[in-house]
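Descriptive analysis of the structure
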Amino acid sequence: LQSGALSRIEEASDADALEALRIEYLGKQGSISALMKTLGKMSPEERQEQAPKIQGARTAVADAIAARKAQFEAEELESKLASERLDLTLPAPQAPRGSVHPVSQVMDELAEIFADLGFSVATGPEIEDDWHNFTALNMAETHPARAMHDTFYFPDRDADGNRMLLRTHTSPVQIRSMVANGAPIRIIAPGRVYRSDSDATHTPMFHQIEGLVIDRDINLGHLKWTLETFLKAFFERDDIVLRLRPSYFPFTEPSVEVDVGWKDVNGRRVLGGDGDAPGHGWMELLGSGMVNRRVIEFAGLDPDEWQGFAFGVGVDRLAMLKYGMDDLRAFFDGDQRWLDHYGFSP
Ligand code: PHE
């Protein structure tokens, strides 16, 4: 029996066949189990003789089955390893990659340019109160300049009775920074601003960078030099044409608006896209001026000791001019093809 069992185990073709043999010999009804049961009916002498043989057979068969089973398992693992091997030289599937939006790109470029000029970056809230956005910037409740801002107001006032709004410009950060840090100051403040306005060069949300320098001896010449230096660095060319126009803002005196030309001095188009430039070859880029002494007072500083200049630049417009887009509205449509085309690799 034993040698017959062992050779059948050796020849078993797979794990199922092996299991069938285990049941045949060692199962409850198995032939070796049946032999074990006969021991009880034997005389003690007979049992003493038969028991070691039967138990030896049982152990030998059980060991052979275990050994063959281990062999099957090892073979299965081998074949798995062979068939499921990874080819590490295959190219990995490409995950879709995002890109840096031109607005973010320009903000980063400006932060770098101004860092070289010694400016640090400040921020303020987009949900602003009336006092920071208007009053402290020398625009009282009744000031006509407020009407020009097409402001989005919130229906409710805050706990202190302040009227809340979406900031219409980054200029409230001027106030916040003077109140928080005093003088001297040299900051830029990039961020989103909101006005109820929309056409090819206006969207209800757009981006500005505010600049503020406060010190003891600042004059209009510093402002002009700073603007020229940063615009030349930004456009990476010396031949861009700037136009400074006398202007009016309640929070600066005197005030200067700066336009940049689409064309160079020879009439060649050097900025923007290939289409027809909107307007007459100039794009209004920024407002600026010497900080009004009333604003310095509102912010808690002594205007006889401290003065300075401020400017507010349209970031989206800078991007349009440098990277050649003609319609501002496309900036905020989220069209994947536009983002793929104009985005920057991170
Ligand atoms: N806040 C002004 C605007 O949004 C721009 C500006 C900033 C003008 C600072 C002068 C000084 O139009």
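Notes on the structure follow. Please read all numbers here as calculations on a predicted model, not as lab measurements. All chains use their own residue numbering, which begins from 1 and follows the written sequence. Side-chain atom pairs in this predicted model are given and counted only at pLDDT of 80 or more, local residue features only at pLDDT of at least 70, and totals for whole chains, interfaces and linings cover all residues. With hydrogens and water excluded, all non-hydrogen atoms of the structure serve as input to the side-chain values.

A closer look at the sheet that holds strand β3 (residues 153–157)
Selection rule: Think of it this way: DSSP has to see at least two bridges between two strands before they count as a pair. A helix here means a DSSP run of H or I that spans at least four residues, while a strand means a run of E at least two residues long, and both kinds are numbered starting from the N terminus. Each axis is a line fitted through C-alpha atoms, and for a helix only the stretch in contact is used; angles between axes span 0 to 180 degrees, taken between their N-to-C directions.
Taken in spatial order, the 3 strands make up an open sheet running β2-β4-β3, and their pairing is antiparallel. Single-partner strands in this sheet number two, and they are β2 (127–129) and β3. Going from strand to strand, the sheet's axes swing by 30 degrees on average, the running direction of each strand aside. The pairing of β2 with strand β4 (residues 163–166) spans 3 bridges and is antiparallel. Across the sheet, the residue bridging to E128 is L165, located in β4.

Observations regarding the layout of surface pockets
Short version of the rule: A cavity here means a set of 1 Å grid points, computed over protein atoms only, where a 1.4 Å probe fits but cannot escape. A pocket is an open set with protein on both sides within 12 Å along at least 5 of 7 lines, and lining residues have an atom within 4 Å of a point. Grid points are joined across faces, edges and corners, and a volume is the space filled by probe spheres set on the points. Residue classes follow a fixed rule: Ala, Val, Leu, Ile, Met, Phe, Trp, Tyr, Cys and Pro count as nonpolar, while Asp, Glu, Lys and Arg count as charged, and any other residue, Gly among them, counts as polar.
Reported here for the largest pocket is a volume of approximately 930 Å³. Contributing to the lining of the largest pocket are 41 residues, with R195, Q208, F249, E257 and E284 lying nearest its centre. At the level of elements, β6 (205–215), β7 (242–249), β8 (252–261), β9 (282–291), β10 (307–314) and α10 (315–323) are the ones that each hand at least two residues to the lining of the largest pocket. Among the elements that line the lining of the largest pocket, the one with the most residues is β9, at 7 residues. Across the lining of the largest pocket, the residue classes tally to 18 nonpolar, 15 polar and 8 charged.

Details of unusual backbone geometry
Put simply, the rule is: The buried label applies to any residue whose accessible area, calculated with a 1.4 Å probe on protein chains only, is under 20% of its type's maximum; exposed applies above 50%, and partly exposed to all values in between.
Going from A183 to P184, the amide bond is cis rather than trans, its omega being 0 degrees. Examined against the element boundaries, P184 turns out to sit in the loop between α7 (172–181) and β5 (185–194). Even without a glycine there, the phi angle at N138 is positive, about 70 degrees. With respect to the element layout, N138 can be found in the loop between α6 (130–133) and β3. With relative accessibility at 15%, the residue N138 sits in the buried group.

Here's the deal with the site of the ligand
Heads up, the rule is: We define proximity as follows: a residue is near a molecule or strand when any one of its heavy atoms falls within 4 Å of that partner. In the analysis that follows, any N or O atom pair within 3.5 Å is treated as a polar contact, provided that within protein one partner can donate a hydrogen and the other can accept it, and provided that, for residues neighboring in sequence, both atoms belong to side chains. Each accessible area is a Shrake-Rupley result for a 1.4 Å probe, and residues are judged covered by the shown protein chains and nothing else. A molecule is counted as occupying a cavity or pocket when more than half of its atoms fall within 2 Å of that pocket's grid points.
The environment of the ligand is formed by 14 residues, the closest being H169, S171, R195, Q208 and G312. Contacts to the ligand include S171, whose side-chain N or O atom sits 2.9 Å from a nitrogen atom. In the model, an oxygen atom of the ligand is placed 2.9 Å from a nitrogen or oxygen of the R195 side chain. Summarising the interface, the protein chains cover 92% of the accessible area of the ligand, which totals 330 Å² for the free molecule. A molecule is said to occupy a pocket when more than half its atoms come within 2 Å of that pocket's grid points, and by this definition the ligand occupies the largest pocket. Those elements that place two or more of their residues in the shell around the ligand are β6, β9 and β10. In terms of residue count, the dominant contributor to the shell around the ligand is β10 (3 residues). Per-class residue counts for the shell around the ligand are 4 nonpolar, 8 polar and 2 charged.

A look at the pattern of salt bridges
Formally: Salt bridges are counted wherever a side-chain nitrogen of Lys or Arg sits within 4 Å of a carboxyl oxygen of Asp or Glu.
Enumeration according to the criterion identifies 16 salt bridges in this entry. Residue E49 is joined to K53 by a salt bridge in which the shortest nitrogen-to-oxygen separation is 3.7 Å. Of this pair, E49 and K53 both sit in helix α4 (residues 44–83), 4 residues apart, roughly one helical turn. Across the pair E236 and K322 runs a salt bridge whose closest N-O atoms are separated by 3.1 Å. Residue E236 is located in the loop between α8 (220–235) and β7, and its partner K322 is located in helix α10; the two are separated by 86 residues in the primary sequence. Classification of E236 as exposed rests on a relative accessible area of 63%. Sharing partners across several salt bridges, the network here consists of R243, R245, E257 and D259.

So, the packing of aromatic side chains
Aromatic ring pairs: the centre-centre distance and the angle between the two ring planes describe each pair. What counts, and what does not: Working definition: rings of Phe, Tyr and Trp (its six-membered ring) pair if their centres are within 6.5 Å, and the pair is stacked with planes under 30 degrees apart, edge-to-face with planes over 60 apart, and tilted otherwise. Charge over a ring is defined by NZ of Lys or CZ of Arg lying within 6 Å of the ring centre and within 35 degrees of the ring normal.
Going through the model one piece at a time under the given rule, you end up with 12 aromatic pairs. Each ring, one from F114 and one from F119, has its centre 5.0 Å from the other, and the planes form 65 degrees; the classification is edge-to-face. Looking at F114, the relative accessible area reads 1%, which means it is buried. Of the residues examined, F119 reaches a relative accessible area of 9% and is grouped as buried. With centroids separated by 6.2 Å and ring planes inclined at 20 degrees, the aromatic side chains of F230 and F311 adopt a geometry described as stacked. Of this pair, F230 sits in helix α8 while F311 is found in strand β10, placing the two residues 81 residues apart along the sequence. Residue class for F311 comes out buried when judged on its relative accessible area of 1%. Aromatic rings pair up to connect F114, F119, F230, F309 and F311 into one cluster. The positively charged end of R163 is found above the aromatic ring belonging to Y153, 3.9 Å away from the centroid. If you follow K322 out to its NZ or CZ, it ends over the ring of F234, 4.5 Å from the centre.

Here we look at the sheet that holds β9
We count it as follows: Residue contacts are counted whenever heavy atoms from the two residues lie within 4.5 Å of one another.
The strand order across the open sheet built from 7 strands is β1-β5-β6-β10-β9-β8-β7, with neighbouring strands paired in mixed fashion. With one partner strand each, in any of the chains shown, β1 (120–121) and β7 form the two edges of the open sheet. Direction of pairing for β7 relative to β8: antiparallel, over a ladder of 7 bridges. Considered in β8, the bridge of S247 is made with S255. Sitting on the sheet, helix α5 (residues 102–116) is in contact with β1, β5, β6 and β10, with an inclination near 170 degrees to β5.

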